[in-house]
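Residue strings, one per chain:
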There are 2 protein chains.
Amino acid sequence: MKIYDWHAAPNPRRLHIFLAEKGIKIDLVEVDRENGRPAAWYVEKFPHALVPMLELDDGTCIGEVPAIWRYFEQLQPEPRLLGIEAKDMALVTMWEALARDDGINRVAEVFRNTHPAFVDRALPGSAEPIPQLPELAQRGREGVARFFKKFDTQLSTNTYVVGEHYTVADITTLCVVDFAKRVGIDMPEDCVNLRRWHALVSARPSASA
Amino acid sequence: MKIYDWHAAPNPRRLHIFLAEKGIKIDLVEVDRENGRPAAWYVEKFPHALVPMLELDDGTCIGEVPAIWRYFEQLQPEPRLLGIEAKDMALVTMWEALARDDGINRVAEVFRNTHPAFVDRALPGSAEPIPQLPELAQRGREGVARFFKKFDTQLSTNTYVVGEHYTVADITTLCVVDFAKRVGIDMPEDCVNLRRWHALVSARPSASA
(Lines give C-alpha, C1' and ligand atoms only; values in the text may rest on other atoms or scores of the structure.)
Protein backbone atom coordinates (compact mmCIF):
# COMPACT_ATOMS: atom_id res chain seq x y z
CA MET A 1 0.00 0.00 0.00
CA LYS A 2 1.38 3.43 -0.89
CA ILE A 3 0.26 6.99 -1.41
CA TYR A 4 1.16 9.07 -4.44
CA ASP A 5 1.71 12.58 -3.30
CA TRP A 6 2.58 16.21 -3.94
CA HIS A 7 3.76 17.14 -0.54
CA ALA A 8 3.14 20.90 -0.62
CA ALA A 9 -0.29 20.82 -2.30
CA PRO A 10 -3.49 21.50 -0.28
CA ASN A 11 -5.43 18.34 -1.18
CA PRO A 12 -2.61 15.95 -0.22
CA ARG A 13 -2.34 17.91 3.03
CA ARG A 14 -5.94 16.96 3.90
CA LEU A 15 -4.78 13.35 3.80
CA HIS A 16 -1.47 13.87 5.64
CA ILE A 17 -3.23 15.50 8.60
CA PHE A 18 -5.84 12.71 8.70
CA LEU A 19 -3.21 9.97 8.73
CA ALA A 20 -1.22 11.79 11.43
CA GLU A 21 -4.35 12.03 13.60
CA LYS A 22 -4.90 8.28 13.15
CA GLY A 23 -1.22 7.50 13.74
CA ILE A 24 -1.04 5.65 10.40
CA LYS A 25 2.29 5.59 8.58
CA ILE A 26 2.38 4.73 4.86
CA ASP A 27 4.98 4.95 2.13
CA LEU A 28 4.69 8.19 0.18
CA VAL A 29 5.76 8.42 -3.46
CA GLU A 30 6.34 11.98 -4.69
CA VAL A 31 4.93 12.28 -8.22
CA ASP A 32 7.27 14.17 -10.50
CA ARG A 33 5.94 16.83 -12.84
CA GLU A 34 6.31 17.28 -16.59
CA ASN A 35 5.46 20.85 -17.63
CA GLY A 36 3.58 21.20 -14.37
CA ARG A 37 1.37 18.14 -15.04
CA PRO A 38 1.82 14.80 -13.29
CA ALA A 39 4.43 12.74 -15.15
CA ALA A 40 3.27 10.43 -17.97
CA TRP A 41 3.96 7.25 -15.96
CA TYR A 42 1.55 8.49 -13.32
CA VAL A 43 -1.21 9.45 -15.77
CA GLU A 44 -0.92 5.98 -17.29
CA LYS A 45 -1.33 4.40 -13.85
CA PHE A 46 -4.14 6.76 -12.81
CA PRO A 47 -5.79 8.52 -15.78
CA HIS A 48 -7.71 10.93 -13.52
CA ALA A 49 -4.25 12.45 -12.95
CA LEU A 50 -5.10 13.69 -9.47
CA VAL A 51 -3.07 13.57 -6.27
CA PRO A 52 -3.21 12.24 -3.64
CA MET A 53 -3.96 8.66 -4.69
CA LEU A 54 -3.87 5.48 -2.62
CA GLU A 55 -2.66 2.35 -4.40
CA LEU A 56 -3.63 -0.89 -2.66
CA ASP A 57 -1.50 -4.02 -2.78
CA ASP A 58 -3.92 -5.54 -5.33
CA GLY A 59 -3.27 -2.58 -7.67
CA THR A 60 -6.58 -0.77 -7.02
CA CYS A 61 -6.11 3.00 -7.31
CA ILE A 62 -8.26 5.21 -5.11
CA GLY A 63 -8.29 8.96 -5.64
CA GLU A 64 -10.35 11.80 -4.11
CA VAL A 65 -9.50 12.59 -0.49
CA PRO A 66 -12.90 11.67 1.06
CA ALA A 67 -12.64 8.24 -0.61
CA ILE A 68 -9.20 7.60 0.90
CA TRP A 69 -10.42 8.87 4.28
CA ARG A 70 -13.35 6.46 4.13
CA TYR A 71 -11.01 3.55 3.39
CA PHE A 72 -8.85 4.21 6.45
CA GLU A 73 -11.79 5.04 8.71
CA GLN A 74 -13.17 1.54 7.97
CA LEU A 75 -9.77 -0.10 8.44
CA GLN A 76 -8.95 1.71 11.66
CA PRO A 77 -12.00 3.44 13.13
CA GLU A 78 -10.30 5.16 16.09
CA PRO A 79 -10.00 8.07 16.54
CA ARG A 80 -13.25 8.66 14.69
CA LEU A 81 -12.74 11.53 12.25
CA LEU A 82 -15.81 11.14 9.98
CA GLY A 83 -18.37 11.39 12.79
CA ILE A 84 -19.82 8.94 15.29
CA GLU A 85 -23.59 8.42 14.95
CA ALA A 86 -25.92 9.21 12.02
CA LYS A 87 -26.62 12.88 12.76
CA ASP A 88 -23.02 13.63 13.66
CA MET A 89 -21.73 11.86 10.53
CA ALA A 90 -24.15 13.87 8.40
CA LEU A 91 -23.09 17.19 9.94
CA VAL A 92 -19.40 16.36 9.53
CA THR A 93 -20.03 15.40 5.88
CA MET A 94 -21.96 18.64 5.32
CA TRP A 95 -19.40 20.98 6.88
CA GLU A 96 -16.50 19.24 5.18
CA ALA A 97 -18.31 19.62 1.84
CA LEU A 98 -18.99 23.30 2.55
CA ALA A 99 -15.32 23.86 3.41
CA ARG A 100 -14.41 22.26 0.10
CA ASP A 101 -17.04 23.96 -2.08
CA ASP A 102 -17.04 27.39 -0.43
CA GLY A 103 -13.37 27.29 0.58
CA ILE A 104 -10.80 25.15 -1.25
CA ASN A 105 -12.56 25.45 -4.61
CA ARG A 106 -12.72 29.24 -4.32
CA VAL A 107 -9.06 29.62 -3.28
CA ALA A 108 -8.15 27.26 -6.14
CA GLU A 109 -10.02 29.58 -8.53
CA VAL A 110 -7.81 32.44 -7.38
CA PHE A 111 -4.64 30.35 -7.47
CA ARG A 112 -5.09 28.56 -10.78
CA ASN A 113 -6.41 31.61 -12.66
CA THR A 114 -3.60 33.95 -11.58
CA HIS A 115 -0.44 31.93 -10.89
CA PRO A 116 2.07 32.11 -13.78
CA ALA A 117 2.79 28.38 -13.41
CA PHE A 118 -0.83 27.55 -14.28
CA VAL A 119 -1.20 29.43 -17.58
CA ASP A 120 -3.35 27.10 -19.73
CA ARG A 121 -3.76 24.68 -16.80
CA ALA A 122 -6.63 26.36 -14.99
CA LEU A 123 -8.29 23.05 -14.03
CA PRO A 124 -6.53 20.03 -12.54
CA GLY A 125 -6.44 16.65 -14.23
CA SER A 126 -6.89 17.74 -17.85
CA ALA A 127 -4.35 17.10 -20.58
CA GLU A 128 -6.01 19.73 -22.81
CA PRO A 129 -5.00 23.38 -22.33
CA ILE A 130 -7.49 25.26 -20.13
CA PRO A 131 -6.89 29.02 -20.23
CA GLN A 132 -6.93 31.19 -17.12
CA LEU A 133 -9.95 33.48 -16.58
CA PRO A 134 -9.09 36.64 -14.61
CA GLU A 135 -12.81 37.23 -13.84
CA LEU A 136 -12.93 33.81 -12.21
CA ALA A 137 -10.03 34.75 -9.94
CA GLN A 138 -12.05 37.78 -8.82
CA ARG A 139 -15.14 35.62 -8.24
CA GLY A 140 -12.92 33.30 -6.22
CA ARG A 141 -11.70 36.17 -4.01
CA GLU A 142 -15.26 37.20 -3.21
CA GLY A 143 -16.07 33.57 -2.42
CA VAL A 144 -13.17 33.30 0.02
CA ALA A 145 -14.49 36.39 1.85
CA ARG A 146 -17.89 34.68 2.21
CA PHE A 147 -16.18 31.48 3.39
CA PHE A 148 -14.38 33.35 6.22
CA LYS A 149 -17.62 34.93 7.39
CA LYS A 150 -19.62 31.69 7.26
CA PHE A 151 -17.07 29.67 9.23
CA ASP A 152 -16.48 32.48 11.72
CA THR A 153 -20.21 32.39 12.48
CA GLN A 154 -20.23 28.60 12.83
CA LEU A 155 -17.22 28.76 15.20
CA SER A 156 -18.88 31.38 17.38
CA THR A 157 -20.96 28.58 18.95
CA ASN A 158 -18.75 25.52 18.33
CA THR A 159 -15.30 24.67 19.69
CA TYR A 160 -14.49 22.77 16.50
CA VAL A 161 -16.28 23.14 13.15
CA VAL A 162 -18.83 20.50 14.23
CA GLY A 163 -19.41 20.70 17.96
CA GLU A 164 -16.89 19.60 20.58
CA HIS A 165 -14.72 17.12 18.68
CA TYR A 166 -12.08 17.38 16.00
CA THR A 167 -13.10 15.92 12.60
CA VAL A 168 -12.33 16.05 8.88
CA ALA A 169 -14.40 19.25 8.75
CA ASP A 170 -11.59 20.86 10.77
CA ILE A 171 -8.94 19.32 8.54
CA THR A 172 -10.36 20.75 5.32
CA THR A 173 -11.12 24.12 6.92
CA LEU A 174 -7.53 24.38 8.19
CA CYS A 175 -6.23 23.57 4.71
CA VAL A 176 -8.44 26.28 3.22
CA VAL A 177 -7.23 28.98 5.63
CA ASP A 178 -3.56 28.11 5.11
CA PHE A 179 -3.98 27.75 1.31
CA ALA A 180 -5.69 31.17 1.17
CA LYS A 181 -2.73 32.67 3.02
CA ARG A 182 -0.42 31.29 0.32
CA VAL A 183 -2.34 33.27 -2.33
CA GLY A 184 -2.15 36.39 -0.17
CA ILE A 185 -5.57 36.24 1.52
CA ASP A 186 -5.44 36.23 5.32
CA MET A 187 -8.32 35.76 7.76
CA PRO A 188 -10.01 39.15 8.37
CA GLU A 189 -9.10 40.73 11.72
CA ASP A 190 -12.72 40.70 12.86
CA CYS A 191 -13.10 36.92 12.35
CA VAL A 192 -12.17 36.37 15.99
CA ASN A 193 -13.84 32.96 16.29
CA LEU A 194 -12.12 31.62 13.20
CA ARG A 195 -8.80 32.98 14.46
CA ARG A 196 -9.31 31.37 17.90
CA TRP A 197 -10.08 28.04 16.22
CA HIS A 198 -7.15 28.36 13.79
CA ALA A 199 -4.71 28.72 16.68
CA LEU A 200 -6.29 25.71 18.41
CA VAL A 201 -6.07 23.29 15.46
CA SER A 202 -2.69 24.58 14.25
CA ALA A 203 -1.22 23.65 17.63
CA ARG A 204 -1.96 19.93 17.06
CA PRO A 205 1.09 17.94 15.95
CA SER A 206 -0.89 16.75 12.88
CA ALA A 207 -0.93 20.32 11.47
CA SER A 208 2.70 20.00 10.47
CA ALA A 209 2.39 16.45 9.11
CA MET B 1 -38.50 14.95 9.62
CA LYS B 2 -38.94 16.66 6.24
CA ILE B 3 -37.00 17.53 3.13
CA TYR B 4 -36.91 20.98 1.57
CA ASP B 5 -36.89 20.58 -2.15
CA TRP B 6 -36.84 21.98 -5.65
CA HIS B 7 -38.38 19.10 -7.45
CA ALA B 8 -36.98 19.66 -10.95
CA ALA B 9 -33.40 20.54 -9.94
CA PRO B 10 -30.53 18.04 -10.44
CA ASN B 11 -29.18 17.95 -6.87
CA PRO B 12 -32.56 17.25 -5.26
CA ARG B 13 -32.98 14.50 -7.86
CA ARG B 14 -29.86 12.74 -6.48
CA LEU B 15 -31.74 12.48 -3.19
CA HIS B 16 -35.14 11.49 -4.65
CA ILE B 17 -33.61 8.55 -6.51
CA PHE B 18 -31.70 7.43 -3.38
CA LEU B 19 -34.83 7.50 -1.21
CA ALA B 20 -36.84 5.63 -3.87
CA GLU B 21 -34.14 2.91 -3.99
CA LYS B 22 -34.34 2.61 -0.18
CA GLY B 23 -38.14 2.69 -0.21
CA ILE B 24 -38.13 5.63 2.23
CA LYS B 25 -41.02 8.09 2.09
CA ILE B 26 -40.64 11.54 3.65
CA ASP B 27 -42.61 14.76 3.53
CA LEU B 28 -41.29 17.12 0.86
CA VAL B 29 -41.63 20.88 1.18
CA GLU B 30 -41.22 22.77 -2.09
CA VAL B 31 -39.19 25.93 -1.39
CA ASP B 32 -40.65 28.95 -3.16
CA ARG B 33 -38.40 31.37 -5.03
CA GLU B 34 -38.01 35.13 -4.76
CA ASN B 35 -36.26 36.53 -7.85
CA GLY B 36 -34.93 33.04 -8.50
CA ARG B 37 -33.35 32.73 -5.04
CA PRO B 38 -34.79 30.58 -2.25
CA ALA B 39 -37.40 32.60 -0.34
CA ALA B 40 -36.28 34.68 2.65
CA TRP B 41 -37.96 32.37 5.20
CA TYR B 42 -35.84 29.52 3.89
CA VAL B 43 -32.55 31.45 3.94
CA GLU B 44 -33.32 32.40 7.54
CA LYS B 45 -33.85 28.75 8.44
CA PHE B 46 -30.83 27.54 6.44
CA PRO B 47 -28.35 30.33 5.62
CA HIS B 48 -26.39 28.14 3.18
CA ALA B 49 -29.50 28.59 1.00
CA LEU B 50 -29.04 25.26 -0.76
CA VAL B 51 -31.59 22.57 -1.64
CA PRO B 52 -32.17 19.79 -0.88
CA MET B 53 -32.03 20.06 2.92
CA LEU B 54 -33.16 17.57 5.55
CA GLU B 55 -34.68 19.02 8.71
CA LEU B 56 -34.71 16.61 11.64
CA ASP B 57 -37.41 16.65 14.31
CA ASP B 58 -34.95 18.35 16.72
CA GLY B 59 -34.55 21.22 14.23
CA THR B 60 -31.10 20.20 12.93
CA CYS B 61 -30.69 21.20 9.29
CA ILE B 62 -28.55 18.98 7.08
CA GLY B 63 -27.63 20.12 3.58
CA GLU B 64 -25.33 18.66 0.90
CA VAL B 65 -26.61 15.49 -0.76
CA PRO B 66 -23.80 13.13 0.41
CA ALA B 67 -24.48 14.22 4.01
CA ILE B 68 -28.19 13.39 3.71
CA TRP B 69 -27.34 10.09 2.01
CA ARG B 70 -25.02 9.21 4.89
CA TYR B 71 -27.75 9.93 7.43
CA PHE B 72 -30.22 7.56 5.79
CA GLU B 73 -27.61 4.88 5.04
CA GLN B 74 -26.89 4.75 8.80
CA LEU B 75 -30.60 4.73 9.70
CA GLN B 76 -31.58 2.10 7.16
CA PRO B 77 -28.53 0.33 5.72
CA GLU B 78 -30.33 -1.88 3.16
CA PRO B 79 -30.08 -1.77 0.22
CA ARG B 80 -26.48 -0.56 0.60
CA LEU B 81 -25.94 2.35 -1.75
CA LEU B 82 -22.69 3.83 -0.38
CA GLY B 83 -20.65 0.63 -0.73
CA ILE B 84 -20.23 -2.48 1.37
CA GLU B 85 -16.65 -3.04 2.60
CA ALA B 86 -13.72 -0.60 2.84
CA LYS B 87 -12.40 -0.85 -0.72
CA ASP B 88 -15.86 -0.83 -2.26
CA MET B 89 -16.93 2.16 -0.14
CA ALA B 90 -13.82 4.03 -1.22
CA LEU B 91 -14.39 3.31 -4.93
CA VAL B 92 -18.04 4.37 -4.69
CA THR B 93 -17.01 7.58 -2.92
CA MET B 94 -14.36 8.26 -5.58
CA TRP B 95 -16.60 7.67 -8.59
CA GLU B 96 -19.45 9.63 -7.07
CA ALA B 97 -17.06 12.53 -6.46
CA LEU B 98 -15.74 12.30 -10.02
CA ALA B 99 -19.30 12.35 -11.39
CA ARG B 100 -19.93 15.48 -9.33
CA ASP B 101 -16.65 17.30 -10.06
CA ASP B 102 -16.22 16.26 -13.71
CA GLY B 103 -19.95 16.07 -14.46
CA ILE B 104 -22.55 18.01 -12.47
CA ASN B 105 -20.21 20.91 -11.76
CA ARG B 106 -19.29 21.24 -15.44
CA VAL B 107 -22.91 21.07 -16.66
CA ALA B 108 -23.78 23.63 -13.98
CA GLU B 109 -21.08 25.91 -15.38
CA VAL B 110 -22.80 25.75 -18.77
CA PHE B 111 -26.27 26.17 -17.29
CA ARG B 112 -25.63 28.98 -14.82
CA ASN B 113 -23.38 30.99 -17.14
CA THR B 114 -25.78 30.94 -20.10
CA HIS B 115 -29.37 30.61 -18.85
CA PRO B 116 -31.23 33.97 -18.86
CA ALA B 117 -32.79 33.14 -15.47
CA PHE B 118 -29.31 33.08 -13.87
CA VAL B 119 -27.98 36.47 -14.94
CA ASP B 120 -26.01 37.71 -11.88
CA ARG B 121 -26.68 34.40 -10.08
CA ALA B 122 -23.87 32.32 -11.56
CA LEU B 123 -23.16 30.51 -8.28
CA PRO B 124 -25.76 28.95 -5.98
CA GLY B 125 -26.26 30.02 -2.38
CA SER B 126 -24.95 33.59 -2.62
CA ALA B 127 -27.06 36.66 -1.90
CA GLU B 128 -24.51 38.89 -3.68
CA PRO B 129 -24.78 39.25 -7.48
CA ILE B 130 -22.37 36.91 -9.29
CA PRO B 131 -22.12 37.75 -13.01
CA GLN B 132 -22.18 35.10 -15.72
CA LEU B 133 -18.89 34.33 -17.50
CA PRO B 134 -19.39 33.13 -21.11
CA GLU B 135 -15.82 31.70 -21.17
CA LEU B 136 -16.72 29.54 -18.20
CA ALA B 137 -19.71 28.13 -20.07
CA GLN B 138 -17.32 27.12 -22.86
CA ARG B 139 -14.92 25.54 -20.36
CA GLY B 140 -17.90 23.68 -18.91
CA ARG B 141 -18.86 22.31 -22.35
CA GLU B 142 -15.35 20.93 -22.87
CA GLY B 143 -15.48 19.41 -19.40
CA VAL B 144 -18.76 17.63 -20.16
CA ALA B 145 -17.15 16.09 -23.28
CA ARG B 146 -14.31 14.74 -21.10
CA PHE B 147 -16.85 13.43 -18.57
CA PHE B 148 -18.69 11.40 -21.25
CA LYS B 149 -15.42 9.84 -22.44
CA LYS B 150 -14.18 9.01 -18.94
CA PHE B 151 -17.40 7.33 -17.85
CA ASP B 152 -17.81 5.52 -21.16
CA THR B 153 -14.38 3.96 -20.58
CA GLN B 154 -15.23 3.00 -17.00
CA LEU B 155 -18.50 1.40 -18.16
CA SER B 156 -16.73 -0.63 -20.84
CA THR B 157 -15.60 -3.05 -18.09
CA ASN B 158 -18.26 -2.48 -15.41
CA THR B 159 -22.01 -3.18 -15.47
CA TYR B 160 -22.63 -0.26 -13.13
CA VAL B 161 -20.25 2.64 -12.49
CA VAL B 162 -18.55 0.64 -9.73
CA GLY B 163 -18.59 -3.05 -10.56
CA GLU B 164 -21.70 -5.21 -10.47
CA HIS B 165 -23.99 -3.35 -8.09
CA TYR B 166 -26.00 -0.14 -8.26
CA THR B 167 -24.72 2.67 -5.98
CA VAL B 168 -24.79 6.44 -5.49
CA ALA B 169 -22.10 6.65 -8.19
CA ASP B 170 -24.82 5.56 -10.64
CA ILE B 171 -27.29 8.02 -9.18
CA THR B 172 -25.06 11.06 -9.64
CA THR B 173 -23.89 9.91 -13.08
CA LEU B 174 -27.52 9.49 -14.22
CA CYS B 175 -28.34 12.98 -12.95
CA VAL B 176 -25.36 14.39 -14.88
CA VAL B 177 -26.37 12.78 -18.18
CA ASP B 178 -29.99 13.92 -17.88
CA PHE B 179 -29.00 17.43 -16.69
CA ALA B 180 -26.61 17.75 -19.66
CA LYS B 181 -29.46 16.87 -22.00
CA ARG B 182 -31.50 19.73 -20.52
CA VAL B 183 -28.76 22.19 -21.55
CA GLY B 184 -28.67 20.67 -25.03
CA ILE B 185 -25.71 18.28 -24.62
CA ASP B 186 -26.52 14.66 -25.41
CA MET B 187 -24.26 11.61 -24.97
CA PRO B 188 -22.03 11.22 -28.04
CA GLU B 189 -23.16 8.45 -30.42
CA ASP B 190 -19.88 6.57 -29.97
CA CYS B 191 -20.24 6.36 -26.16
CA VAL B 192 -21.89 2.96 -26.54
CA ASN B 193 -21.06 1.75 -23.02
CA LEU B 194 -22.45 4.87 -21.40
CA ARG B 195 -25.58 4.58 -23.56
CA ARG B 196 -26.03 0.90 -22.61
CA TRP B 197 -25.70 1.81 -18.93
CA HIS B 198 -28.03 4.83 -19.26
CA ALA B 199 -30.82 2.62 -20.63
CA LEU B 200 -30.22 0.13 -17.80
CA VAL B 201 -30.43 2.61 -14.91
CA SER B 202 -33.19 4.71 -16.51
CA ALA B 203 -35.41 1.61 -16.54
CA ARG B 204 -35.37 1.40 -12.73
CA PRO B 205 -38.53 2.79 -11.10
CA SER B 206 -36.35 5.13 -9.00
CA ALA B 207 -35.30 7.06 -12.13
CA SER B 208 -38.69 8.75 -12.27
CA ALA B 209 -38.90 9.40 -8.51
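Residues numbered from 1 in each chain as written. Chains lettered and ligands numbered in written order. Predicted model: local features only at pLDDT ≥ 70, side-chain atom pairs only at ≥ 80, totals over all residues. Heavy atoms only, no water.

Honestly, the overall build of chain A in this entry has me stumped. Any pointers?
Counting its secondary structure elements, chain A contains seven helices and six strands. In summary, chain A has a C-alpha radius of gyration of 17 Å against a globular reference of 17 Å for 209 residues, a match within 12%. C-alpha extents for chain A along the principal axes are approximately 50 × 45 × 30 Å. The burial tally for chain A puts 56% of its 209 residues in the buried class. Across chain A, contacts joining residues at least 24 apart in sequence account for 65% of those joining residues at least 6 apart. For chain A, the exposed surface amounts to about 8700 Å²; the carbon and sulfur share of it is 55%. Taking the average location of the 25 positive side-chain charges in chain A and that of its 30 negative ones, the two points are 3 Å from each other. (Helix = DSSP H or I, 4+ residues; strand = E, 2+ residues; numbered from the N terminus. Rg over C-alpha atoms; globule rule 2.2 N^0.38 Å. Buried < 20%, exposed > 50% of the residue type's maximum accessible area, 1.4 Å probe, protein only. Contact = heavy atoms within 4.5 Å. Areas by Shrake-Rupley, 256 points an atom, 1.4 Å probe, with all protein chains shown as cover. Lys, Arg positive; Asp, Glu negative; His and termini not counted. Charge placed at Lys NZ, Arg CZ, Asp CG, Glu CD.)

Just checking my understanding: could you explain the domain arrangement of chain A for this structure?
Interface size is often expressed as the accessible area that is lost when the parts come together. Residue and element names in this part refer to chain A. Domain annotation for chain A reports domain 1 (2–75) and domain 2 (86–208). On a C-alpha basis, the centroid separation for the pair domain 1 and domain 2 is 20 Å. In this complex, domain 1 contributes 17 residues to the contact, which on the side of domain 2 involves 20 residues. A buried area of about 1600 Å², summed over both sides, lies between domain 1 and domain 2, and 59% of it is on carbon and sulfur atoms. We note a salt bridge from Glu21 to Arg204, for which the minimum N-O separation is 2.8 Å. Where domain 1 packs against domain 2, one counts seven residue pairs in polar contact (both at pLDDT 80 or more). Those elements giving two or more residues to the side of domain 1 that touches domain 2 turn out to be helix 1 (10–22) and helix 3 (65–75). Element by element, the count of residues in the side of domain 1 that touches domain 2 is highest for helix 1, at eight residues. Tallied by class, residues from the side of domain 1 that touches domain 2 come to nine nonpolar, four polar and four charged. (Domains from an automatic or database assignment. Buried area = accessible area lost by both parts, 1.4 Å probe. Salt bridge = Lys/Arg side-chain N within 4 Å of Asp/Glu carboxyl O. Polar contact = N/O pair within 3.5 Å; in protein donor to acceptor, adjacent residues only side chain to side chain. Nonpolar A, V, L, I, M, F, W, Y, C, P; charged D, E, K, R; others polar.)

What is the right way to read the side chain of Arg139 of chain A from this model?
Relative to the helices and strands, Arg139 of chain A is located in helix 5 (residues 134–154). The charged side chain of Arg139 of chain A is buried without a salt bridge, its nearest counter-charge being Glu109 of chain A at 5.1 Å. Among the polar contacts made by the side chain of Arg139 of chain A, one reaches the side chain of Asn113 of chain B at a distance of 3.2 Å. Apart from the residues lying within four places of it in its own chain, the contact partners of Arg139 of chain A are Glu109 of chain A together with Asn113, Ala122, Leu123, Ile130, Pro131, Leu133 and Leu136 of chain B.

Before we go on, may I ask you to explain the environment of Arg139 of chain B in this structure?
Take Arg139 of chain B: its relative accessible area is 6%, and that puts it in the buried class. Leave out the neighbours within four places in its chain, and Arg139 of chain B touches Asn113, Ala122, Leu123, Ile130, Pro131, Leu133 and Leu136 of chain A together with Glu109 of chain B.

How do you make sense of the interface of chain A and chain B when you look at a structure like this?
Taken together, the contact between chain A and chain B spans 42 residues of the former and 42 residues of the latter. Both faces combined, the contact of chain A with chain B buries some 3600 Å², and carbon together with sulfur accounts for 64% of it. For the pair chain A and chain B, the number of links is two salt bridges. Looking at the side of chain A that touches chain B element by element, the count peaks at 13 residues for helix 4 (residues 86–112) of chain A. Split into classes, the residues belonging to the side of chain A that touches chain B amount to 23 nonpolar, seven polar and 12 charged.

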